[in-house]
Amino acid sequence: MKQLQELHLSNNYFRGTVDTCLGNLTLLRILDLSDNSLTGSIPATLIARLTSLEYLYLSRNKFEGLFSLNILSNHSKLKVLQLSYMNSTTFQVETENPPWVPSFQFECLGMAHSQVNLPTKRIPTFLLYQNGLRYIDLSGNNLVGMFPIWLLVNNPKLEEVHLGHNSFTGPFKLPFDLNHQMDQLSSLDLSNNKIQGELPNDIGFFLPNLVIFDVSSNMFDDHIPASIGNMSRLWIFDLGHNNFSGKVPENILNGCMSLEELMMDNNQLNGTLPTGIGKLWLRTLTASRNNFEGAITKEFCQLELFLLDLSQNKLSGALPSCFKMPSYVFLQGNNLTGPITEITDAFTVAIDLSDNKFTGTIPESIYGLKSLEFLLLGGNQLQGQLSTQICQLQKISILDLSHNNFIGSIPSCLNNLSFGDIYKDSLPLMHDIDLLLKQVIVMGLTQEVQFVTKGSPLSYKGNILEFMSGLDLSSNQLTGEIPHQIGDLNALHSLNLSHNHLNGPIPESFGKLENIESLDLSFNNLGGQIPLHLQDLYSLSDFNVSYNNLSGRAPNKGQFGTFDESSYIGNPYLSYNNSNRGIATPPPPPTPLNDGDKNDSAIDFTSFYWSFGGSYVMVLLALLTILWINPHWRRAWFYFVEGCLLKCFGKFLEDAFY
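Residues numbered from 1 in each chain as written. Predicted model: local features only at pLDDT ≥ 70, side-chain atom pairs only at ≥ 80, totals over all residues. Heavy atoms only, no water.

1. What about the overall build of the protein chain?
- A tally of regular secondary structure across the protein chain gives 7 helices and 44 strands.
- For the protein chain, the proportion of its 658 residues judged to be buried stands at 47%.
- Long-range pairs, those at least 24 residues apart, make up 52% of the contacts in the protein chain with a sequence separation of at least 6.
- About 31700 Å² of surface is accessible on the protein chain, with carbon and sulfur atoms providing 55% of the total. (Helix = DSSP H or I, 4+ residues; strand = E, 2+ residues; numbered from the N terminus. Buried < 20%, exposed > 50% of the residue type's maximum accessible area, 1.4 Å probe, protein only. Contact = heavy atoms within 4.5 Å. Areas by Shrake-Rupley, 256 points an atom, 1.4 Å probe, with all protein chains shown as cover.)

And the structure:
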């Protein structure tokens, strides 16, 4: 087929190497092999012969080896080259050696995550000769040097620029005069670099039609330019993880009427939450780890948010009664007070209100959230009994109600909850669908869920959440025995019931917690022995039953050979032997005193004699003091003594007298 001009083979499952016979198709204008599983090296001789190529798509394969762009030096018609997302360890693109001069003018260039110009990591110099680019993606290559502002100056027709995940330094300046606007540029990604200084004050004038603007994870400082309010088409604005300070300009809220996603996390912004926010069609608002203060106003009731993260600020006051809980809401680490508002969004997935000052009980509406996977209410002032309705949250993966004032017993129906077991109580046909939906939602979630496990607060983010499950009811006023049904939660990774008033034995069923990594039952009133079945929990790396009333001998096989004294301290009748740690066995339980060996007694008689003598003297002094103060009691005492003497020794005294 030597007359063939277009060959489209993308998005298949082709594997193996590229046959060099394709080099015979010298009239090819379009060659698209992208999104397959092709291996081996890209045949240089093949590509060199296809000088009629205008569009060359090779992205998302498993090619290996070094691909040198000098083989394209004679491809004067080439407009589009896509070499992105190859084998990240064995594929490299070389643009400098040997030296060459391009004969083409690219319109579209994609070399994302392709290890460009290792080891120097220089930005390709052939780009200095390009002035017709509309799309360029060099992200994910760790390119170094000053930010290439010349790239924007030389290519006034640019529509999309993706330079994120590199190591560009220096300031970001726009050396244009007032007659120059890049009004075609719609997407600018500078994220994850080392760019310093402030954003240009007039950036909104020179880039008026930006739709996506991402400067996150750099070292920008000073204020947010008010001119961003000129970007009337701005849809996504991410300035998180920088050093921006001051207040959020009201111009942004008044001018950016298309804004749907606003991310401002990890900066030094202050003041109250911006007014006028209710006028926007925001779906995502994140501003965690700043210094915002004041209340969450009624303006938030006008928003239909999907994700709200205002955690780790200085917000105070009660939530408005009209406040609508988004599908993902993170308000932890503030000073919010009052009751938790009712929740009307049946598709709520994550609620984190921990470490505030919320009062009252858990709203009834929470129990009806069939999609809820993460509920964290720890560190508040909530009270009341744990309702059995909580067992309706069948999809829950992380449940944290710690450090509150809950009373009563632990509901025995908790085994109805999934805690990470996506197949629990699901129809077989829905298994893959549930898993796919969860992966799509969780992988798109960039916010962190903080959960205390293994004695430390750990943060779980993105698709890591898919593999984490935990139940924390610690530091409450719970009583009664631990329900044996909790042992049915075989997908549970962390269980913390410490600092309560639980009694009874450790359930034998805990031996079925095959995925458990952290188990904390300390500071309760548990008795009996530690079940030997627990030594079969090979994932268990953190175990604590200290300060209970356990007895007998602790298991010492498997993971239990690694636990030290801190896991058992405060159980005087419990013995343990951790030879792996060289810790001596605690003394055995006290035995009754026998005549053969008084040293075996558990009683310290020296202390006993002193305490008995002291008590005797105190009672005697108290009696003498009372008799000295009250004459009536003194006379009654002497009459009582006289009567006792006559009753006990009357016969003897009478014989002695006569």
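Read on, since the account is not over.
2. What to know about the pairing of strand E17 (residues 219-222)
- The pairing of strand E15 (residues 196-197) with E17 spans 2 bridges and is classified as parallel. Note that in E17 the partner of glutamine 196 across the bridge is methionine 219.
- Two strands pair when backbone bridges link them, and E17 and strand E19 (residues 243-246) are joined in this way by 2 bridges, in the parallel orientation. Bridge pairing links aspartate 221 to asparagine 243 in E19. (Pairing = 2+ DSSP bridges.)

3. Topic: the packing of aromatic side chains
- This model, assessed by the stated rule, comprises 17 aromatic pairs.
- Summarising the aromatic geometry, the rings of phenylalanine 104 and phenylalanine 126 are spaced 6.2 Å apart at their centres and angled 80° between planes, so their arrangement reads as edge-to-face. Of this pair, phenylalanine 104 sits in the loop between strand E8 (91-94) and strand E9 (108-110) while phenylalanine 126 is found in the loop between E9 and strand E10 (135-137), placing the two residues 22 residues apart along the sequence.
- The exposure class of phenylalanine 104 is buried, given its relative accessible area of 1%. (Phe/Tyr/Trp six-rings, centres within 6.5 Å; stacked < 30°, edge-to-face > 60°.)

4. Considering the pattern of salt bridges
- Under the defined criterion, the tally for this structure stands at 6 salt bridges.
- When the shortest N-O distance is used, the salt bridge between glutamate 107 and arginine 134 registers 3.2 Å. Residue glutamate 107 is found in the loop between E8 and E9, and its partner arginine 134 is found in the loop between E9 and E10; the two are separated by 27 residues along the sequence. (Salt bridge = Lys/Arg side-chain N within 4 Å of Asp/Glu carboxyl O.)

5. Examining the environment of threonine 344
- Along the chain, the position of threonine 344 falls in the loop between strand E27 (335-339) and strand E28 (350-352).
- Along the chain, threonine 344 and isoleucine 366 lie 22 residues apart, while their C-alpha atoms are 8.9 Å from each other.

6. Some words on empty space enclosed by the protein
- Within the structure shown, the criterion is met by 3 cavities of 30 Å³ or more.
- As a volume, the largest cavity reaches approximately 40 Å³.
- Lining the largest cavity, in full, are Leu386, Ile390, Leu399, Pro411, Leu414, Leu471 and Leu473. (1 Å grid on protein atoms, 1.4 Å probe; cavity = no way out; pocket = protein on both sides within 12 Å on 5 of 7 lines; lining within 4 Å. Points joined across faces, edges and corners; volume = space filled by probe spheres on them.)

7. Here we look at unusual backbone geometry
- Omega for the peptide link from asparagine 97 to proline 98 comes to -10°, which places this bond in the cis form.
- Cis rather than trans, the peptide bond between leucine 118 and proline 119 has omega equal to 0°.
- Residue placement: proline 119 occurs in the loop between E9 and E10.

8. A few points about a nonpolar patch on the surface
- A cluster of nonpolar residues, Phe612, Tyr616, Val617, Met618, Leu620, Leu621 and Leu624, forms a patch on the protein surface that exposes about 750 Å² of accessible area.
- Inspection of the secondary structure assignment puts leucine 621 in helix H6 (residues 605-629). (Patch = residues over 30% accessible without salt bridge, like charges linked within 9 Å, V, L, I, M, F, W, Y side chains within 5 Å.)

9. Quick look at the state of the cysteines
- For the coordinates displayed, the defined rule picks out 2 disulfides.
- A sulfur-sulfur distance of 2.0 Å marks the disulfide that ties cysteine 301 to cysteine 322. Looking down the S-S bond of the cysteine 301 and cysteine 322 bridge, the torsion is 75°, so its handedness is right-handed. With cysteine 301 in the loop between strand E23 (291-294) and strand E24 (307-309) and cysteine 322 in the loop between strand E25 (314-318) and strand E26 (328-330), this residue pair connects regions lying 21 residues apart in the sequence.
- Among the residues examined, cysteine 301 registers a relative accessible area of 9% and is labelled buried.
- When its relative accessible area of 35% is taken as the criterion, cysteine 322 is described as partly exposed.
- What pairs with cysteine 391 in a disulfide is cysteine 413, and their sulfur atoms sit 1.9 Å apart. (Disulfide = S-S within 2.5 Å.)

10. Comments concerning the environment of aspartate 400
- Positionally, aspartate 400 belongs in strand E32 (residues 398-400).
- Distance in space between the C-alpha atoms of aspartate 400 and leucine 471 is 6.0 Å, their sequence separation being 71 residues.

11. Here we look at the side chain of serine 546
- With respect to the element layout, serine 546 can be found in the loop between strand E42 (542-544) and strand E43 (549-553).
- By relative accessible area, which is 2% here, serine 546 ends up buried.
- A polar contact of 2.7 Å, which involves the side chain of serine 546, links it to the side chain of asparagine 544.
- If near-sequence neighbours (up to four positions away) are discounted, serine 546 is found in contact with Ser522, Phe523, Ser566, Ser567, Tyr568, Ile569 and Asn571. (Polar contact = N/O pair within 3.5 Å; in protein donor to acceptor, adjacent residues only side chain to side chain.)

12. Here's the deal with the confidence of the model for the protein chain
- In the predicted model, the protein chain carries a mean pLDDT of 86, and the fraction of residues at 70 or more is 83%.
- Contacts from residues 426-445, a stretch scored under 50 in pLDDT, to residues over four places away or in other chains number 23 contacts.
- Confidence over residues 460-464 falls short of pLDDT 50; this stretch has 15 contacts with residues more than four positions distant or in other chains. (pLDDT = per-residue confidence, 0-100.)

13. Topic: the environment of asparagine 476
- The topology assignment puts asparagine 476 in the loop between strand E36 (470-472) and strand E37 (477-481).
- For the pair formed by asparagine 476 and serine 498, sequence separation is 22 residues and the distance between their alpha carbons is 8.6 Å.
- The residues touching asparagine 476, leaving out its near neighbours within four places in the chain, are Leu401, Ser402, His403, Asn404, Asn405, Phe406, His499 and Asn500.
- Polar side-chain contacts of asparagine 476 include one of 3.1 Å to the backbone nitrogen of phenylalanine 406.

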